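Structural characterization, general
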Amino acid sequence: MRGYARWLGSPAERSTMAHLAEAVRTGGPVFETVHGTPVWDYMRGNPASASVFDQGMTDISSQLTRSLVHGYDFGDTECLVDVGGGRGRLLSLVLAAHPHLRGVLYDRPEVVSRVDPALTREGVAERCRVESGSFLDSVPEGGDAYLLASVVHNWNDDDTVRVLTHCREAMAPGGRVLLAEVLVPDGPAPERTAKFMDLSMLVHCDGKQRTRAEFAAVAERSGLRLERVVPGAVASVVELVRA
Ligand SMILES: C[S@@+](CC[C@H](N)C(=O)[O-])C[C@H]1O[C@@H](n2cnc3c(N)ncnc32)[C@H](O)[C@@H]1O
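Below or above, wherever it landed, is the structure these notes cover. Just so it is clear, the structure is predicted and the values come from calculations on it, not from any experiment. (Residues numbered from 1 in each chain as written. Predicted model: local features only at pLDDT ≥ 70, side-chain atom pairs only at ≥ 80, totals over all residues. Heavy atoms only, no water.)

As a structural note, the neighbourhood of the ligand is formed by 16 residues, with Ser 61, Gly 84, Asp 107, Arg 108 and Ala 149 the closest of them. Take Arg 108: an N or O atom from its side chain is 2.9 Å from an oxygen atom of the ligand. One of the backbone N or O atoms of Ala 149 is found 2.8 Å from a nitrogen atom in the ligand. In the complex, 94% of the free accessible area of the ligand, which totals 590 Å², lies under the protein chains. Each residue belonging to the shell around the ligand can be placed in one class, and the counts come to 6 nonpolar, 8 polar and 2 charged. (Near = heavy atom within 4 Å. Polar contact = N/O pair within 3.5 Å; in protein donor to acceptor, adjacent residues only side chain to side chain. Areas by Shrake-Rupley, 256 points an atom, 1.4 Å probe, with all protein chains shown as cover. Nonpolar A, V, L, I, M, F, W, Y, C, P; charged D, E, K, R; others polar.)

Following this line, the structure appears as structure tokens:
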């Protein structure tokens, strides 16, 4: 949790969270008001902060998604595209655990220029390609599974539909989209992780944690169908197929 703790304590993050009450009152993100730019532009212009942020995301997401590495059956997957895969920590763990898999890491250019050393280790590197670009414009073609781990929670429904539509258009016949996310339970269950993350998304980026029904709704708008949810220890895998 070291990287995530460093991010939570950083001036950029503390000054944002100080405006939590305003975000709750207005229902909109405050990051841009506090820092003068939306979150991803801020990261591009502030490499020192971005480096703390990227490491924080790498560390927290390996806590959230660790169960996915062995808990999801990749048996009939050949090429896994990790969309918004950050520095590739999760992808490297999945590739190491499933030697038949090939991978594509896809993220913003400034992120993939600093890939996790695990991804360049022998045994994984030759099965993995690294590509950069914006998933709001396109995603790499031809994968049979498109993983978005803690990605769509950063985006509102319209942008999420845009990204999911690109995945549907790019994926091979019979392909799937896998959303690794912490689900908000239906009803007022005392689930702390999802609800804390939901507030954090509200403050930073007009995103949100979603319920199963909310995932089904954005899937439908993207020409996809929610096939099943594979529960994990913290994050679950929401599996979407062509409608
Ligand atoms: C919360 S992080 C999750 C990272 C990674 N999936 C993980 O689980 O560690 C969200 C990722 O989305 C990436 N991202 C944001 N906007 C993007 C865009 N327009 N195109 C591609 N990647 C983007 C960020 O750079 C970041 O790596």
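Here helix α7 (residues 89-97) has its buried residues at Leu 90, Leu 91, Ser 92, Val 94 and Leu 95. In this structure, the buried residues of α7 make contact with α6 (47-71), β1 (79-83), β2 (102-107), α9 (117-120), β3 (128-132) and β4 (145-149). (Buried < 20%, exposed > 50% of the residue type's maximum accessible area, 1.4 Å probe, protein only. Helix = DSSP H or I, 4+ residues; strand = E, 2+ residues; numbered from the N terminus. Contact = heavy atoms within 4.5 Å.)

A few words now on the side chain of Arg 108. Checked against the element boundaries, Arg 108 lands in the loop between β2 and α8 (109-112). Among the polar contacts listed, one links the side chain of Arg 108 to the side chain of Glu 110, at a separation of 2.8 Å.

Now for unusual backbone geometry. One non-glycine residue with positive phi stands out, namely Ser 150, at about 55 degrees. Tracing the backbone shows Ser 150 in the loop between β4 and α10 (157-170). With a relative accessible area of 16%, Ser 150 lands in the buried category. At Asp 206, a residue that is not glycine, the phi angle is positive and equals roughly 60 degrees. With respect to the helices and strands, Asp 206 occurs in the loop between α11 (192-205) and α12 (212-221). In this structure Asp 206 comes out as partly exposed when scored by relative accessible area, which is 35%.

Counting across every chain of the model gives 15 salt bridges. Members of the salt-bridge network, linked through shared partners, are Asp 41, Arg 44, Asp 107, Arg 108 and Glu 110. (Salt bridge = Lys/Arg side-chain N within 4 Å of Asp/Glu carboxyl O.)

Let's shift gears to the sheet that holds strand β5 (residues 176-181). Here we have 7 strands laid out as an open sheet, ordered β3-β2-β1-β4-β5-β7-β6, and mixed in their pairing. Looking at which strands have only one partner, the edges of the open sheet turn out to be β3 and β6 (224-230). Across the sheet, the axes of successive neighbouring strands diverge by a mean angle of 20 degrees, strand direction being ignored. Sheet topology note: the β1/β2 ladder contains 5 bridges and is parallel. Paired with Asp 82 across the two strands is Leu 105, which belongs to β2. Against the sheet, α7 engages β1, β2, β3 and β4, with an angle of about 175 degrees to β2. The sheet contacts of α10 involve β1, β4, β5, β6 and β7 (236-242), and relative to β4 the element is tilted by about 160 degrees. (Pairing = 2+ DSSP bridges. Axes fitted to C-alpha atoms, helices over the stretch in contact; angles between N-to-C directions.)

Attention shifts here to the environment of Asp 54. Tracing the chain through its elements places Asp 54 in helix α6. Spatially, the C-alpha atom of Asp 54 lies 7.1 Å from that of Gly 86, the residues being 32 residues apart in sequence. Residues contacting Asp 54, with those up to four places away along its chain left out, are Arg 87, Val 111 and Arg 114.

Right, let's talk about the pairing of β6 for a bit. Here 6 bridges tie β6 to β7, and the two strands are oriented antiparallel to one another. Along β7, the bridge assignment pairs Val 229 with Val 238. From the end of β6 to the start of β7, which pair antiparallel, there are 5 residues.

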